[in-house]
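Chain by chain, the residues run as shown.
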Amino acid sequence: SQQGEEDPQALSIQEGENATMNCSYKTSINNLQWYRQNSGRGLVHLILIRSNEREKHSGRLRVTLDTSKKSSSLLITASRAADTASYFCATVHYGANNLFFGTGTRLTVIP
Amino acid sequence: NAGVMQNPRHLVRRRGQEARLRCSPMKGHSHVYWYRQLPEEGLKFMVYLQKENIIDESGMPKERFSAEFPKEGPSILRIQQVVRGDSAAYFCASSPPTTDTQYFGPGTRLTVL
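Residues numbered from 1 in each chain as written. Chains lettered and ligands numbered in written order. Predicted model: local features only at pLDDT ≥ 70, side-chain atom pairs only at ≥ 80, totals over all residues. Heavy atoms only, no water.

A.B. asks: So what exactly am I meant to see when it comes to the overall build of chain A here?
C.D. replies: Across its full length, chain A holds zero helices and 11 strands. Listing each helix as α and each strand as β along chain A from the N terminus yields β-β-β-β-β-β-β-β-β-β-β. Rg of the C-alpha trace for chain A: 13 Å, near the compact-globule value of 13 Å for 111 residues, within the 12% margin. Counting only C-alpha atoms and orienting by the principal axes, one finds that chain A spans roughly 45 × 30 × 20 Å. (Helix = DSSP H or I, 4+ residues; strand = E, 2+ residues; numbered from the N terminus. Rg over C-alpha atoms; globule rule 2.2 N^0.38 Å.)

A.B. asks: Mind showing me how you'd approach the overall build of chain B here?
C.D. replies: Scanning chain B for helices and strands turns up zero helices and 11 strands. Traced from its N-terminal end to its C-terminal end, chain B shows the element sequence β-β-β-β-β-β-β-β-β-β-β. In terms of C-alpha radius of gyration, chain B reaches 13 Å, essentially the compact-globule figure of 13 Å for 113 residues. Projected onto its principal axes, the C-alpha positions of chain B cover 40 × 25 × 25 Å. The buried share of chain B, taken over its 113 residues, is 44%. A fraction of 52% describes how many contacts in chain B between residues 6 or more apart in sequence connect residues 24 or more apart. (Buried < 20%, exposed > 50% of the residue type's maximum accessible area, 1.4 Å probe, protein only. Contact = heavy atoms within 4.5 Å.)

A.B. asks: When you look at the packing of aromatic side chains in this model, what are you seeing that I'm missing?
C.D. replies: Each aromatic ring pair is characterised by the separation of its centres together with the angle its planes make. A full pass over the atoms with the stated rule returns eight aromatic pairs over all chains. On the numbers, 4.6 Å between centres and 5° between planes, the contact of B:Tyr33 with B:Tyr48 is stacked. Residue B:Tyr33 is located in strand E4 (residues 31–37), and its partner B:Tyr48 is located in strand E5 (residues 43–50); the two are separated by 15 residues in the primary sequence. Note on B:Tyr33: relative accessible area 2%, which makes it buried. Note on B:Tyr48: relative accessible area 3%, which makes it buried. Grouped by ring-pair contacts, the aromatic residues A:Tyr35, A:Phe88, A:Phe101, B:Tyr35, B:Phe45 and B:Phe104 constitute a single cluster. (Phe/Tyr/Trp six-rings, centres within 6.5 Å; stacked < 30°, edge-to-face > 60°.)

A.B. asks: Which parts of the structure should I look at to understand the pattern of salt bridges?
C.D. replies: Two side chains with opposite charge may pair up if their charged atoms get near one another. Applying the stated criterion across every chain yields a total of seven salt bridges over all chains. A salt bridge links A:Glu55 to A:Arg62; the shortest N-O distance between them is 3.2 Å. A relative accessible area of 31% places A:Arg62 in the partly exposed class. Where B:Arg78 meets B:Glu18, a salt bridge forms, and the shortest distance between an N and an O atom there is 2.9 Å. Residue B:Arg78 is found in strand E8 (residues 75–79), and its partner B:Glu18 is found in the loop between strand E2 (10–13) and strand E3 (19–24); the two are separated by 60 residues along the sequence. The partly exposed category is assigned to B:Arg78, whose relative accessible area is 27%. Salt bridges linked by common partners bring B:Glu18, B:Arg20 and B:Arg78 together as one network. (Salt bridge = Lys/Arg side-chain N within 4 Å of Asp/Glu carboxyl O.)

A.B. asks: Is there a simple way to think about the interface of chain A and chain B in this case?
C.D. replies: One frequently used descriptor of interface size is the decrease in accessible area upon assembly of the parts. Taken together, the contact between chain A and chain B spans 21 residues of the former and 19 residues of the latter. A combined buried area of about 1500 Å² lies between chain A and chain B, and 48% of that area is made up of carbon and sulfur atoms. If you look at where chain A meets chain B, you find zero salt bridges. Where chain A touches chain B, the interface holds four residue pairs in polar contact (both at pLDDT 80 or more). Of all elements in the fold, only strand E4 (31–37) and strand E5 (43–50) of chain A reach the threshold of two or more residues within the side of chain A that touches chain B. Looking at the side of chain A that touches chain B, its residues break down into six nonpolar, 12 polar and three charged. (Buried area = accessible area lost by both parts, 1.4 Å probe. Polar contact = N/O pair within 3.5 Å; in protein donor to acceptor, adjacent residues only side chain to side chain. Nonpolar A, V, L, I, M, F, W, Y, C, P; charged D, E, K, R; others polar.)

A.B. asks: I tried to follow the nonpolar core on my own but got confused; where do I start?
C.D. replies: Note on soluble globular proteins: their nonpolar side chains tend to be buried together. Core analysis: the largest hydrophobic core is formed by 23 residues, its most contacted members being B:Trp34, B:Met46, B:Leu77 and B:Tyr90. Not counting residues up to four positions away in its chain, the partners in contact with B:Met46 are B:Trp34, B:Tyr35, B:Arg36, B:Asp56, B:Glu57, B:Ser58, B:Gly59, B:Met60, B:Pro61, B:Phe65, B:Leu77 and B:Tyr90. Core analysis: the second largest hydrophobic core is formed by 22 residues, A:Met21, A:Tyr25, A:Tyr87 and A:Cys89 among them. (Core = buried A, V, L, I, M, F, W, Y, C linked by side-chain atoms within 4.5 Å.)

A.B. asks: Explain empty space enclosed by the protein to me, please; I cannot follow it from the model alone.
C.D. replies: Picture a little ball the size of a water molecule; that probe, rolled over the atoms, points out where space is still empty. Tallied over the full model, the rule gives one cavity of 30 Å³ or more. Considered as a void within the structure, the largest cavity measures approximately 40 Å³ in volume. Counted by class, the lining of the largest cavity contains two nonpolar, three polar and one charged residues. (1 Å grid on protein atoms, 1.4 Å probe; cavity = no way out; pocket = protein on both sides within 12 Å on 5 of 7 lines; lining within 4 Å. Points joined across faces, edges and corners; volume = space filled by probe spheres on them.)

A.B. asks: Explain the layout of surface pockets here, please?
C.D. replies: The volume enclosed by the largest pocket comes to roughly 570 Å³. In this structure, the largest pocket is lined by 26 residues; those nearest its centre are A:Ser86, A:Arg106, B:Gln37, B:Glu40 and B:Glu41. For the lining of the largest pocket, the secondary-structure elements that each account for two or more residues are strand E9 (85–92) and strand E11 (105–110) of chain A together with strand E9 (88–95) of chain B. For the lining of the largest pocket, the class distribution of residues is nine nonpolar, 12 polar and five charged.

What is shown is where atoms sit, not what they do.
Take a look at the structure:
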């Protein structure tokens, strides 16, 4: 299976703290993407990192990619209650266009 | 530029009926993807289409499920003779030809009674 695994499954933090989520995958990738899903809603694209990149930033988001370990992390700094959602990593493999999603991390930010 | 549109948002069917889910991609997007999400799980790829062509249907169940993306009109995911195990959220995503980023619709939540 090319599906990723995310860790932790659930994370609860206080507003203002940083949140770190990890994603591991099994086969070589073209790129890895992170998405957010609010309860009962569709997915919102957050950031894309290519296989030849190691780190990327977007606002309060920082994504790292270690292709030797087949893993990625998403860091959300200075969290807000509005960041409460499920976060999914998704990989795109060479020769394919579809996304393989991880199992997700459910983040709760307590005001 | 409106986002990806899906309808209906909620669909209730009895076992044995047919379900038709519609997806209108963003303007200028010629690639459409369908994913299924079971409760408390991540999304699983079903099918990838371009206008009038199925490019990759490796995630589609072999029976009862079909998809199309005609030259005119929305993409349709059709489930015949639904069973309780088909209950899930079905998401459509679209992308233009030149990017790996997919833009997701709000999903259709199918409940089979």
